[in-house]
Amino acid sequence: MKILVINAGSSSLKYQLMDPESGDVFAKGLCERIGIDGRLTHKAPAKDVKVVREIPMPTHAEAISAVLEILVDPVNGVVASVDEIDAVGHRVVHGGMKFAESCLIDEACLEAVRACIPLGPLHNPANLLGIEACQKIMPKTPQVAVFDTAYHMTMPPKAYRYAIPDEYYEKDSLRRYGFHGTSHRYIAKRVEALMGKGLKVINCHLGNGSSLAAILDGKCQDTSMGLSPLCGVPMGTRVGDIDTTVAQYICKNYNKSMDEVMNILNKKSGVFGLSGGVSSDFRDLEAAAAAGNEKAQLALDKFAYEVKKYIGAYAAALGGLDVLVFTAGVGENGVLMRSMICEGLEFLGVKLDQEKNKLRGDERIISADDSKVKIWVIPTNEELMIAQDTAELAK
Ligand code: AMP
């Protein structure tokens, strides 16, 4: 089967055409500057193709058209006709309480995704644009929605409820949802394949956005992001957990609207804000800290400290720990950050092997032989999960 995986943002759209069984990627790419002018970057690894084209993309529909055109292009494409694409899988960020699993897109599913817009105002509208554009251009091809929040729906109420007046949950569904669910689910499955069932696992998805998940026997018990992807550990530019009084203070004392404060907490905070604006990229922060920049060092220290605190909390929530996993950009590549996080966790049975830890991007154990807790680096593959769900539902 050939599945097209689409991840639509407000002005960008990522795609991969892949085999859901082998995981082989036939082609992948990115449409950028949708609604502004439009640029397509396309790669077909087996053909050693990489092309960048300026193509007008006033809406997502032109972006999808450009993707389909290049996929069937005799020189740069990988299929003879669009009919070879068996189904399309869409990443949808917020599935609210409606979706504990992926779903074949029909009018009822679309209606439910639209109903989640108040919960995911930054992402769901863009995801819907991607779906609607594909439906228009490929009306006969099955489309599937795969939700970032779905994997976390196994959390118990004590983990997902906020201690706010009950009516906001009953009427408005305000609760912890969690994100990166497709990545956490991929890791839970990989751990099961590598280590067996019934394990207590903490997965650290550490990238530009970061979240941790406490997993028992493959199922999510708790996760660090909440109603939105703003909370949990500090991130590239997102603040992470914070006393909400800080928002009120900035509002009042800097004469800002709530929207402006939310923008600061989403786009100007995290390790970027803490480092005094050095960078949201961990490589830049490490370089700056090594050159003596104390604020960059503080940003790294704070990030490692907060991740460590979550590991402690989740080990307590799970009543022990068997496997600790690092994934995503920083988790897979950040040798220094993994070492900083694991330092001092020996009391939990977490013992890193500094030599084995010198690895980037491979799937491997990095704990010492006598470590009670096995520490793994596992590269995540959200696209494969989306392709597999899509293939399954399209059948
Ligand atoms: P992601 O959002 O998963 O793509 O992760 C992006 C983050 O991964 C960026 O902050 C990068 O700085 C970080 N990253 C990528 N490579 C490395 C590396 N070699 N060392 C530390 N951080 C890295």
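The paragraphs below set out a description of the structure included in this document. (Residues numbered from 1 in each chain as written. Predicted model: local features only at pLDDT ≥ 70, side-chain atom pairs only at ≥ 80, totals over all residues. Heavy atoms only, no water.)

What follows deals with the pattern of salt bridges. When charged atoms on two side chains of opposite charge get close, those side chains can pair. Counted under the stated rule, the structure contains 21 salt bridges. Here R91 makes a salt bridge to D148, at a shortest N to O gap of 2.5 Å. Residue R91 is located in strand β6 (residues 87–92), and its partner D148 is located in the loop between β8 (143–147) and α4 (157–160); the two are separated by 57 residues in the primary sequence. Classification of R91 as partly exposed rests on a relative accessible area of 21%. On the accessibility criterion, D148 (2% relative accessible area) is buried. If you follow the salt bridges from partner to partner, you end up with E107, E111, R114 and E132 in one network. (Salt bridge = Lys/Arg side-chain N within 4 Å of Asp/Glu carboxyl O. Helix = DSSP H or I, 4+ residues; strand = E, 2+ residues; numbered from the N terminus. Buried < 20%, exposed > 50% of the residue type's maximum accessible area, 1.4 Å probe, protein only.)

Attention now moves to the pairing of strand β1 (residues 3–8). A regular strand places its side chains on the two faces of the sheet in alternate fashion. Counted residue by residue, β1 has 5 buried out of 6 residues, so it is predominantly covered. Relative to strand β2 (residues 13–18), β1 is paired through 6 bridges, and the arrangement is antiparallel. Following the sheet pairing, L4 is matched in β2 by L17. Linking β1 back to β2 in an antiparallel pair, the connection comprises 4 residues. The pairing of β1 with β6 spans 4 bridges and is parallel. The partner of L4 across the bridge, within β6, is V88. (Pairing = 2+ DSSP bridges.)

Below, the discussion takes up the site of the ligand. N208, D281, F282, G329 and R360 are the nearest of the 13 residues found near the ligand. At 2.9 Å from an oxygen atom of the ligand is found a main-chain nitrogen or oxygen belonging to F282. Between the ligand and V330 there is a distance of 3.3 Å, counted from an oxygen atom to a backbone nitrogen or oxygen. Sorting the residues of the shell around the ligand by element identifies α10 (282–290) and α12 (328–333) as the ones contributing at least two each. The greatest single-element share of the shell around the ligand, amounting to 4 residues, is contributed by α12. Split into classes, the residues belonging to the shell around the ligand amount to 3 nonpolar, 6 polar and 4 charged. (Near = heavy atom within 4 Å. Polar contact = N/O pair within 3.5 Å; in protein donor to acceptor, adjacent residues only side chain to side chain. Nonpolar A, V, L, I, M, F, W, Y, C, P; charged D, E, K, R; others polar.)

It is worth spelling out the packing of helix α11 (residues 294–318) against helix α13 (residues 335–342) at this point. Between α11 and α13, the least distance of the axes is 8 Å, while the angle of their chain directions is 50 degrees. With respect to each other, α11 and α13 are oriented oblique. Judged by the twist between their axes, the crossing of α11 over α13 is right-handed. Packed against α11, whose contacting residues are Q297, L300, D301, F303, A304, V307, K308 and I311, the element α13 presents M337, M340 and I341 at the interface. Taken together, the residues of the contact of α11 with α13 break down into 8 nonpolar, 1 polar and 2 charged. (Axes fitted to C-alpha atoms, helices over the stretch in contact; angles between N-to-C directions. Parallel < 35°, antiparallel > 145°, perpendicular 65-115°, else oblique. Left-handed = near helix turned anticlockwise from the far one by under 90°. Contact = heavy atoms within 4.5 Å.)

So, on to the nonpolar core. Judged by nonpolar contacts, the single largest core of 39 residues is most densely connected at I202, L212, I311 and L324. Put simply, the parts of the chain that give this core at least two residues each are β9 (200–206), β10 (210–216), α10, α11, β12 (323–327), α13 and β14 (374–377). Judged by nonpolar contacts, the second largest core, of 29 residues, contains Y160, Y186, I187 and A387. (Core = buried A, V, L, I, M, F, W, Y, C linked by side-chain atoms within 4.5 Å.)

Here we take up the sheet that holds strand β13 (residues 364–365). Two strands in a sheet stick together by hydrogen bonds in their backbones, pointing the same way (parallel) or opposite ways (antiparallel). Spatial strand order, β11-β10-β9-β12-β14-β13: 6 strands in an open sheet with mixed pairing. Among the strands making up the open sheet, the edge pair consists of β11 (219–223) and β13. Two strands pair when backbone bridges link them, and β9 and β10 are joined in this way by 7 bridges, in the antiparallel orientation. From the neighbouring strand, I202 faces β10, where its bridge partner is A214. Most of the contacts of α13 go to β12, to which it runs at about 150 degrees, and overall it touches β9, β12 and β14.

We now examine helix α1 (residues 60–71). One turn of the α-helix equals 3.6 residues, which is why residues spaced by three or four share an orientation. With 12 residues, α1 ought to run about 16 Å at 1.5 Å a step, and its terminal C-alpha atoms sit 17 Å apart, in line with that. Every buried residue belonging to α1 is among H60, A61, A63, I64, A66, V67, L68, I70 and L71, and all of these are buried. Along its buried surface, α1 packs onto β1, β2, β3 (25–32), β4 (39–44), β5 (49–54) and α3 (124–137). Sitting at the head of α1, T59 places a side-chain oxygen 3.2 Å from the backbone nitrogen of A61. (Expected span 1.5 Å × (residues − 1).)

Burial within β12 is extensive, with 5 of its 5 residues counted as buried. Here β12 shows two buried faces, one formed by V323, V325 and T327 and the other by L324 and F326. Where β9 lies against β12, 5 bridges are found, and the strand directions are parallel. Among the inter-strand pairings, H205 is bridged to a residue of β12, identified as T327. Strand direction decides the pairing type here: β12 and β14, joined by 4 bridges, are parallel. From the neighbouring strand, L324 faces β14, where its bridge partner is I375.

Another point: helix α2 (residues 107–115). Among all positions in α2, only C109, L110, A112 and V113 are buried. One face of α2 carries all of its buried residues, which in axial projection span an arc of 160 degrees. Among the exposed residues of α2, those pointing more than 90 degrees away from its buried face are E107 and A108. Contact partners of the buried residues in α2: β6, β7 (103–104), α3 and β8. Backbone nitrogen of A108 and a side-chain oxygen of the N-cap are separated by 3.2 Å at the start of α2; the cap is D106. (Arc of directions from axis to C-beta.)

For the rest of this paragraph, the subject is unusual backbone geometry. Its identity is not glycine, yet N255 carries a phi of approximately 55 degrees, on the positive side. With respect to the helices and strands, N255 occurs in the loop between α7 (245–253) and α8 (258–267). The phi angle at A328 is positive, at roughly 75 degrees, despite the residue not being glycine. Tracing the chain through its elements places A328 in helix α12.

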